[in-house]
Amino acid sequence: MAETATTRRSRLTPEREAELYEAVLDLLREVGYDSLTMDAVAARTRSSKATLYRQWGGKAELVARSVRHHKPSGLASVDTGSLRGDLHAMTTRQGDCEMEQNSSLMRALGTAAHSNPELLTALREWLVEPELAEMRQVLERAVDRGEVRADNRAIDYVLHMIIGAFVARTMIDDEPPTQAFLASYIDAVVIPALVA
């Protein structure tokens, strides 16, 4: 599927693709996933609906790819020499304001994915799986350095822990996630679970 998607998108310049993704995110924030239409995306981006379908196949993939494009990448390429350093570097990839916007967007998409299997599949393919792969690389380096035992069962749940903290912060504390909160959470919960 990824090969087909890459072939479909090959006609767009990276700048045009980034412009489309930003417009999709703006519309998502304005109207939510359920009310987002390909007609609205086409109008906002001065594209034809046929072009959007040809490039992305449908709304779910377009939304998932837009979110992925917007996320800071390269967690696996950050190597500070320690697991704690790598995880703290992850918290600084977004500023607090951007983190608050993304938290709100992810909560809304999570809710929409419960009733839309196509969105759930697209989010898993374009967002969750790449994030898991990057996190695995970070954790494998920690195992190789001897910081974490390879048989530590918490390894499989690190992304769950971090996403949970990120998304639940507003619901539990009525405050947005921040760099300071996530760094504190990593030190208090994630690192102890991994080095236990």
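From a predicted model like this one, the values you see are computed outputs, not experimental measurements.

K.L.:
Please clarify how the packing of helix 6 (residues 83-91) against helix 10 (residues 179-195) should be interpreted in this entry.
P.N.:
Helix packing for two helices is described by the angle between their axes and how far apart those axes are. For the pair helix 6 and helix 10, interaxial distance at closest approach is 9 Å and the crossing angle is 150°. Taken together, the axes of helix 6 and helix 10 lie roughly antiparallel to each other. The element helix 6 and its partner helix 10 pack so that their crossing is right-handed. Contact with helix 6, carried on its side by L83, R84, L87, H88, M90 and T91, involves Q179, L182, A183, I186, D187, V190, I191 and L194 of helix 10 and no other residues of that element. A class-by-class count of the residues in the contact of helix 6 with helix 10 yields 9 nonpolar, 3 polar and 2 charged.

K.L.:
Explain the confidence of the model for the protein chain here, please?
P.N.:
The share of residues in the protein chain with pLDDT of 70 or more is 93%, and the mean pLDDT across the chain is 88. In the model of the protein chain, helix 1 (residues 2-9) stands out as the element of lowest mean pLDDT, 46, in contrast to helix 10, which has the highest, 96. Within the model, pLDDT remains below 50 along residues 1-9, and this stretch shows 19 contacts once partners closer than five positions in the same chain are excluded.

K.L.:
Looking at this model, I keep getting lost on helix 2 (residues 14-31). Mind explaining?
P.N.:
Side chains that are three or four residues apart share a direction in an α-helix, a result of its 3.6 residues per turn. Taking 1.5 Å per residue, 18 residues should reach 26 Å; helix 2 reaches 26 Å between its end C-alpha atoms and fits that length. Turning to helix 2, its buried residues number three or more, namely E17, L20, Y21, A23, V24, L25, L27 and L28.

K.L.:
Please explain the environment of G85 as it appears in this structure.
P.N.:
Counting through the fold element by element, G85 comes out in helix 6. With 57 residues separating them in the primary sequence, G85 and A142 have C-alpha atoms 11 Å apart.

Criteria and thresholds
- Residues numbered from 1 in each chain as written.
- Predicted model: local features only at pLDDT ≥ 70, side-chain atom pairs only at ≥ 80, totals over all residues.
- Heavy atoms only, no water.
- Axes fitted to C-alpha atoms, helices over the stretch in contact; angles between N-to-C directions.
- Helix = DSSP H or I, 4+ residues; strand = E, 2+ residues; numbered from the N terminus.
- Parallel < 35°, antiparallel > 145°, perpendicular 65-115°, else oblique.
- Left-handed = near helix turned anticlockwise from the far one by under 90°.
- Contact = heavy atoms within 4.5 Å.
- Nonpolar A, V, L, I, M, F, W, Y, C, P; charged D, E, K, R; others polar.
- pLDDT = per-residue confidence, 0-100.
- Expected span 1.5 Å × (residues − 1).
- Buried < 20%, exposed > 50% of the residue type's maximum accessible area, 1.4 Å probe, protein only.

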